[in-house]
Amino acid sequence: LESSLLTQPWASVCFGESAFLAKACFRDTGYILLISDLSGVWYESADAEAVGQRSKELNKRLTVHVSSFLHHLCKLMCPLLAGQPDTTTSFSCHHTAGGLSLHVKSELSGLPFYWDFHCCPAPMEMVSCHLVRPLIRISLALQYQVQELTSLLLQKDAEIEDYRESGAALSRDRLRTEPFQEKTFQQNFMAEVRSSASPPSC
């Protein structure tokens, strides 16, 4: 399950007024959920046996196969992660002693359906694998692209200036551009990075 989770994208989700990043993977054999508010990272991995036991505790009136519970959980969580939560389903989240609890309330077969995700702090290797290393790789790739584009813009500015010195003139003045200011661009870029270093607000 965790290897399958690696291929899932992070999604921005809101529980009440709290914003989180989350990803999940559901299979007939169980599920794994990873959630972060960028101050902490929590997860829960549950196999079919654990799902069956918890479903008996939370949904005593429902007598369906474990695979049906897992399929229903997937149908509830996947739209949420896709930014299209079902309005008939409610989610609530609160911190517990050393963990995070996510409560889900919905319906299944015409009966109330409840589920609790009991998330504990994710181990460092999981945080590194799913969050830190991918972010570092993306950051390095973006830095390389910025350097390439900066170099290209400076070359274009030098080329345009050479045309001007040779007597060339624009036929349409609206196409005129100001020379690229690398220092100003870097300052604005870093200011934007600092201002967005948190999950989107709800």
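The structure under discussion appears in the preceding block.
Colleague: Help me understand the sheet that holds strand β7 (residues 111-121), please; the structure alone is not making it clear to me.
Modeller: Two pairing modes exist for strands in a sheet, parallel and antiparallel, and in both the strands are linked by backbone hydrogen bonds. Strand order in the open sheet formed by seven strands is β1-β2-β3-β4-β7-β6-β5, with antiparallel pairing between adjacent strands. In this open sheet, the two edge strands, each paired with only one partner strand, are β1 (11-15) and β5 (90-96). For this sheet the average axis-to-axis angle between neighbouring strands, irrespective of direction, equals 30 degrees. Along the sheet, helix α3 (residues 66-81) contacts β1, β2 (18-27), β3 (30-36), β5, β6 (99-108) and β7; its crossing angle with β2, the most-contacted strand, is approximately 140 degrees. Contacting β2, β3 and β4 (41-47), helix α4 (residues 124-165) crosses the sheet at an angle of about 75 degrees to β3.

Colleague: Before we go on, may I ask you to explain the packing of helix α2 (residues 48-58) against α3 in this structure?
Modeller: Packed helices, taken two at a time, are described by their axes: the angle between them and the distance between them. Look at α2 against α3: their axes get within 9 Å of each other, and the N-to-C directions meet at 90 degrees. On the basis of the axis angle, α2 is roughly perpendicular to α3. Mapping the contact onto sequence places Ala48, Val51, Gly52 and Ser55 in α2 and Val66, Phe69 and Leu70 in α3. Residues that form the contact of α2 with α3 fall into these classes: five nonpolar, two polar and no charged.

Colleague: Looking at this structure, how should I read the nonpolar core?
Modeller: The tendency in soluble globular proteins is for nonpolar side chains to be buried side by side. Residues Phe15, Tyr31, Ile35, Met77, Phe113, Trp115 and Phe117 are the most contacted members of the largest nonpolar core, which totals 30 residues. Of all the elements in the fold, those that place two or more residues in this core are β1, β2, β3, β4, α3, β6 and β7. The greatest single-element share of this core, amounting to seven residues, is contributed by α3. Other than its neighbours up to four places away in sequence, Tyr31 contacts Leu1, Cys25, Phe26, Glu44, Ser45, Ala46, Val51, Arg54, Leu70, Leu73, Trp115 and Phe117. Grouped together as the second largest cluster of nonpolar side chains are nine residues, Ala122, Met126, Val127 and Leu131 included.

Colleague: Just checking my understanding: could you explain the environment of Met126 for this structure?
Modeller: Mapped onto the elements, Met126 comes out in helix α4. Residues Met126 and Glu2, 124 residues apart in the sequence, show an inter-C-alpha distance of 8.9 Å. Apart from the residues lying within four places of it in its own chain, the contact partners of Met126 are Glu2, Ile32, Leu34, Tyr43 and Leu131.

Colleague: How should the side chain of Ser106 be read in this particular structure?
Modeller: Following the sequence through the fold, Ser106 ends up in strand β6. Since its relative accessible area comes to 9%, Ser106 is described here as buried. In this structure the side chain of Ser106 is engaged in a polar contact, spanning 3.4 Å, whose partner is the side chain of Thr89. Excluding anything up to four places from it in sequence, Ser106 contacts His72, Leu76, Thr88, Thr89, Leu111, Pro112 and Phe113.

Definitions and cut-offs
Residues numbered from 1 in each chain as written. Predicted model: local features only at pLDDT ≥ 70, side-chain atom pairs only at ≥ 80, totals over all residues. Heavy atoms only, no water. Pairing = 2+ DSSP bridges. Helix = DSSP H or I, 4+ residues; strand = E, 2+ residues; numbered from the N terminus. Axes fitted to C-alpha atoms, helices over the stretch in contact; angles between N-to-C directions. Contact = heavy atoms within 4.5 Å. Parallel < 35°, antiparallel > 145°, perpendicular 65-115°, else oblique. Nonpolar A, V, L, I, M, F, W, Y, C, P; charged D, E, K, R; others polar. Core = buried A, V, L, I, M, F, W, Y, C linked by side-chain atoms within 4.5 Å. Buried < 20%, exposed > 50% of the residue type's maximum accessible area, 1.4 Å probe, protein only. Polar contact = N/O pair within 3.5 Å; in protein donor to acceptor, adjacent residues only side chain to side chain.

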